[in-house]
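What the coordinates show
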Amino acid sequence: MRRIALCLLLALAACDGNPSDNQPPPGDVALRLRQVVGGLQSPVHLVAPTGDARLFVVEQGGRIRVVENGALLATPFLDIASRVSSGGERGLLSMAFHPQYASNGFFFVNYTDVNGDTRVERYRVSADRNRADPASAQLVIAIDQPASNHNGGLVAFGPDGRLYVGMGDGGGAGDPLGAAQDPTQLLGKMLRLDVNGAAPYTIPADNPYAGRTDGRAEIWASGLRNPWRFSWDRAESRLYVADVGQNRLEEVDVVPAAQAGVNYGWDTMEGSDCFEPRDGCTRTGLTLPAAEYTHADGCSITGGFVYRGQDIPALRGTYFYSDYCEGWLRSFRYVNGAATDPRTWEVPNVGNVTSFGEDGRGELYLIASGAVYRIEAAA
């Protein structure tokens, strides 16, 4: 069995006294991965509107597929392949349903266009609940990409109803543009937009640079290399960010959901190590990882979710994640300001893990090698 090199780091936060922090650990729970659907073309994301029994699967080439009653529908929900540059780290990378999707029909996508630049667009569902209206496209934000990698790619609504956009540092080794620590650039940041008012968006008044001239007002957090996947534990009001590392370390950061202006450290640091300069760096004001692992155990972290579903009560409060190269399934619980109860789950390796997903009931899914798997308790 491959050596486990998970390093759990104590955070500085004090106990918040939340009762759900004290739930029992997973204990003797065993898991299985049940394939829900296969035959997908490079699936990279899975979402569902709250309370909806369908699954929506994003294919990197530019299509969104619907899984209903366990079957993959033949006709895509949305097909924008002609507008998408796909391959490597480019493509249609994610989608997010508006919190009021049931009444307004809005959803948002993040993709790299034919020029390789990031576009976030809003669409509306058509009269057919399983078909979007491609003519309803409205640009929210476009961001130039200097290279083909480190595009970030996730668009998601936070518990505050704002739209968050994860942006990588623009690519190339070692952040050659110095973007992640430059507040005048949107690269290497997490953006936070209000898409509920005037189009295409407005700036939330509590964004760190709102009303200022020394940084972009869209910025919520900085110091990110390539935050491929992030998610919120709404029960505990925490944000989990899985940031892909450079040469040595893959990391998970955990911060209060409402904490503005977090600096995750890149490229001053890679994980908990100094990166630039390597012989000593200033950690003051930087957020250290809650958990990290070395490249002895993988190559590229795939962030997941804190389980808040109904089917496996013992796992509530457990954060799941994986690695694209190694395909293992790991978890930890964040309790009293520290990552605890690390575990590598005994499940089959299903190949390159590109993403996790959450259905309308809060149950978790894993996407790997053209298929969607549901994470379930073993019989």
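Just so we're clear, the structure is a prediction, and the values are computed from it rather than from any experiment.

**Remarks on the sheet that holds strand β23 (residues 301-306)**
Strand order in the open sheet formed by 4 strands is β23-β24-β25-β26, and the pairing between neighbours is antiparallel. The open sheet has two free edges, formed respectively by β23 and β26 (338-344), since each of these has just one partner strand. Strand-to-strand twist across the sheet, computed as the mean angle between neighbouring axes with direction ignored, equals 25°. In the sheet, strand β24 (residues 318-323) pairs with strand β25 (residues 329-335) via 5 bridges, with the strands oriented antiparallel. Bridge pairing in β25 links Thr318 to Arg333.

**Looking at the side chain of Asn130**
Turning to its location among the elements, Asn130 is positioned in the loop between β10 (118-125) and β11 (132-143). In terms of polar contacts, Asn130 uses its side chain to reach the side chain of Arg54, at 2.7 Å. When near neighbours in sequence (up to four residues on either side) are disregarded, Asn130 contacts Arg54, Val66, Glu68, Leu73, Pro76 and Phe77.

**A short note on the environment of Ala210**
Here Ala210 lies in the loop between β14 (190-193) and β15 (219-222). Overall, the relative accessible area of 24% leaves Ala210 in the partly exposed class. In this structure the C-alpha to C-alpha distance between Ala210 and Gly197, which are 13 residues apart in sequence, comes to 16 Å. Excluding residues within four positions of it along the chain, Ala210 makes contact with Ile203, Pro204, Ala205 and Ala217.

**Some remarks on the pattern of salt bridges**
Scanning all chains against the criterion turns up 21 salt bridges. Between Asp194 and Arg162 there is a salt bridge, with its nearest N and O atoms 2.8 Å apart. With Asp194 in the loop between β14 and β15 and Arg162 in the loop between β12 (155-157) and β13 (163-166), this pair connects stretches of sequence that are 32 residues apart. Using a relative accessible area of 14% as the deciding quantity, one classes Asp194 as buried. Linking Arg248 and Asp273 is a salt bridge whose minimum nitrogen-to-oxygen distance equals 2.0 Å.

**Some details on the environment of Tyr264**
On the secondary structure map, Tyr264 appears in the loop between β19 (262-263) and β20 (269-270). Look at Tyr264 and you get buried, because its relative accessible area is 3%. Residues Tyr264 and Gln181 lie 83 residues apart in sequence; the distance between their C-alpha atoms is 9.5 Å. Setting aside residues no more than four positions away along its own chain, Tyr264 makes contact with Ala221, Ser222, Gly223, Leu224, Leu239, Val241, Glu251, Asp253, Val255 and Thr287.

**Description of the nonpolar core**
Counting residues in hydrophobic clusters, the biggest one holds 37 residues, and the most contacted among them are Ile64, Phe77, Leu78, Met95, Phe107, Val109 and Phe332. Looking at which element gives the most residues to this core, the answer is strand β8 (residues 92-97), with 4 residues. Core analysis: the second largest hydrophobic core is formed by 21 residues, Ile143, Leu163, Leu186 and Leu187 among them.

**Comments concerning the layout of surface pockets**
Over the atoms, a rolled probe matching the size of one water molecule traces out where space is still vacant. Approximately 860 Å³ is the volume found for the largest pocket. Contributing to the lining of the largest pocket are 39 residues, with Ala48, Thr50, Phe157, Arg234 and Glu358 lying nearest its centre. The set of elements that each furnish at least two residues to the lining of the largest pocket consists of β3 (43-47), β8, α1 (101-104), β12, β16 (229-233), β23 and β27 (353-358). Counting residues per element, the lining of the largest pocket draws most heavily on β16, at 5 residues.

**Overview of the packing of aromatic side chains**
Per the counting criterion, the structure on display carries 20 aromatic pairs. For the ring pair Tyr164 and Trp220, a centre distance of 6.2 Å and an interplane angle of 90° mean the geometry is edge-to-face. In this pair, Tyr164 sits in strand β13 while Trp220 sits in strand β15, placing the two residues 56 residues apart along the sequence. The class of Tyr164 is buried, set by a relative accessible area of 1%. Using a relative accessible area of 3% as the deciding quantity, one classes Trp220 as buried. Ring pairs connect the aromatic residues Phe56, Phe77, Phe97, Tyr101, Phe107 and Tyr123, which therefore count as one cluster. The positively charged end of Arg192 is found above the aromatic ring belonging to Trp220, 4.3 Å away from the centroid.

**A word on the confidence of the model for the protein**
Per-residue confidence for the protein gives a mean pLDDT of 93, with 93% of residues at or over 70. Here residues 1-22 scores under 50 on pLDDT; set against residues more than four positions off or in separate chains, the count is 57 contacts.

**Re the state of the cysteines**
Within the structure shown, the criterion is met by 2 disulfides. Note on cysteine connectivity: Cys274 is disulfide-linked to Cys281, with sulfurs 2.1 Å apart. Between Cys274 and Cys281 the sulfur-sulfur dihedral comes to about -80°; the bridge is accordingly left-handed. Summarising the burial analysis for this pair, Cys274 and Cys281 share the class buried. Here Cys299 connects covalently by a disulfide to Cys325, the sulfurs 1.8 Å from one another. What sets the handedness of the Cys299 and Cys325 disulfide is the S-S torsion sign, and at about 80° it is right-handed. Of the two residues, Cys299 is situated in the loop between β22 (291-294) and β23 and Cys325 in the loop between β24 and β25; the sequence distance between them amounts to 26 residues.

**Details of the sheet that holds β13**
Taken together, the 5 strands give an open sheet; going across it, the order is β12-β13-β14-β15-β19, and neighbouring strands pair in mixed fashion. The open sheet is flanked by β12 and β19, the only strands paired with a single partner. Relative to β15, β14 is paired through 2 bridges, and the arrangement is antiparallel. Looking at the pairing, Met190 lines up with Ala221 of β15.

Analysis parameters
Residues numbered from 1 in each chain as written. Predicted model: local features only at pLDDT ≥ 70, side-chain atom pairs only at ≥ 80, totals over all residues. Heavy atoms only, no water. Pairing = 2+ DSSP bridges. Helix = DSSP H or I, 4+ residues; strand = E, 2+ residues; numbered from the N terminus. Axes fitted to C-alpha atoms, helices over the stretch in contact; angles between N-to-C directions. Polar contact = N/O pair within 3.5 Å; in protein donor to acceptor, adjacent residues only side chain to side chain. Contact = heavy atoms within 4.5 Å. Buried < 20%, exposed > 50% of the residue type's maximum accessible area, 1.4 Å probe, protein only. Salt bridge = Lys/Arg side-chain N within 4 Å of Asp/Glu carboxyl O. Core = buried A, V, L, I, M, F, W, Y, C linked by side-chain atoms within 4.5 Å. 1 Å grid on protein atoms, 1.4 Å probe; cavity = no way out; pocket = protein on both sides within 12 Å on 5 of 7 lines; lining within 4 Å. Points joined across faces, edges and corners; volume = space filled by probe spheres on them. Phe/Tyr/Trp six-rings, centres within 6.5 Å; stacked < 30°, edge-to-face > 60°. Lys NZ or Arg CZ within 6 Å of the ring centre and 35° of its normal. pLDDT = per-residue confidence, 0-100. Disulfide = S-S within 2.5 Å.

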